[in-house]
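# Coordinate analysis (summary)
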Amino acid sequence: LRAALAEAQARLGEQEAAVDRDPLTGLANARRFEADVERTVAQASRHHTTAAVLIVDMAELPRIIDQHGQVAGDAALIHIARLL
């Protein structure tokens, strides 16, 4: 019974983590991003420190997809995610 409970808890943890991640890139999705920003702002305020946000403009992605297809667009996203 303990083993079954531990297994169920592990699966639940995996599912909870998956809800906050983009399945293609593994990066945080908008829901997770929002929660992380709120937590970071509160922490920076509490400790009188600064924080930064990096924004990556993917304006050329539609052109990549139009010229080379969705698979190439997905590959570009995965590559950028790995670089980040």
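What you see is a predicted model; the values in this text were computed from it and never measured. (Residues numbered from 1 in each chain as written. Predicted model: local features only at pLDDT ≥ 70, side-chain atom pairs only at ≥ 80, totals over all residues. Heavy atoms only, no water.)

### Describing the overall build of the protein
The cut-off we apply is this: Comment: elements are numbered from the N terminus, with helices defined as DSSP H or I runs of at least four residues and strands as E runs of at least two. Within these notes, the globule rule equals 2.2 Å times the number of residues to the 0.38 power, and the radius of gyration is based on C-alpha atoms. Summary of the burial criterion: residues with accessible area below 20% of their type's maximum are buried, those above 50% are exposed, and those between are partly exposed, where the area comes from a 1.4 Å probe applied to protein chains only. Residue contacts are defined here by distance: any two heavy atoms, one from each residue, within 4.5 Å place the two residues in contact. Here the open area of atoms and residues is found with the Shrake-Rupley method and a 1.4 Å probe, where only the protein chains shown may cover a residue.
Per the secondary structure count, the protein includes four helices and zero strands. Listed N to C, the secondary structure of the protein is α-α-α-α in terms of helices and strands. For 84 residues, the compact-globule estimate of 2.2 N^0.38 gives 12 Å, and the protein exceeds it by more than 25% at 18 Å. When burial is assessed residue by residue, the protein has 7% of its 84 residues classed as buried. The long-range fraction of contacts in the protein, counting pairs at least 24 apart against all pairs at least 6 apart in sequence, stands at 30%. Entry remark: accessible area of the protein is about 7,100 Å², with carbon and sulfur atoms responsible for 59%.

### Some details on the pattern of salt bridges
Counted only if it meets this: One speaks of a salt bridge when a side-chain nitrogen belonging to Lys or Arg is within 4 Å of a carboxyl oxygen belonging to Asp or Glu.
A full pass over the atoms with the stated rule returns five salt bridges. In this structure, Arg-31 engages Asp-20 in a salt bridge whose closest nitrogen and oxygen atoms are separated by 3.2 Å. Here Asp-20 lies in the loop between helix H1 (2–19) and helix H2 (30–47) and Arg-31 lies in helix H2, a separation of 11 residues in the sequence. Given the relative accessible area of 53%, Arg-31 is considered exposed. With a relative accessible area of 17%, Asp-20 lands in the buried category. Across the salt bridge formed by Arg-32 and Asp-36, the nearest N and O atoms sit 3.1 Å from each other. Of this pair, Arg-32 and Asp-36 both sit in helix H2, four residues apart, which is roughly one turn of that helix. On the basis of relative accessible area, Arg-32 is assigned to the partly exposed category, the value being 24%. One salt-bridge network, in which partners are shared between bridges, spans Arg-32, Asp-36 and Arg-39.

### Side note on the confidence of the model for the protein
Going by this rule: The quantity called pLDDT is the predictor's confidence in a given residue, expressed from 0 to 100.
Chain-level pLDDT for the protein is 91 on average; 100% of the residues reach the 70-or-more range. Mean pLDDT values for the elements of the protein range from 84 in H1 up to 96 in helix H3 (residues 61–68).

### A short note on the side chain of Asp-20
Applicable threshold: Two N or O atoms count as a polar contact when they lie within 3.5 Å, although within protein this holds only if one can serve as hydrogen donor and the other as acceptor, and sequence-adjacent residues are included solely when both atoms are side-chain atoms.
Of note is the side chain of Asp-20, whose polar atom sits 3.2 Å from the side chain of Arg-31. Excluding anything up to four places from it in sequence, Asp-20 contacts Leu-27, Ala-28, Asn-29, Arg-31 and Arg-32.

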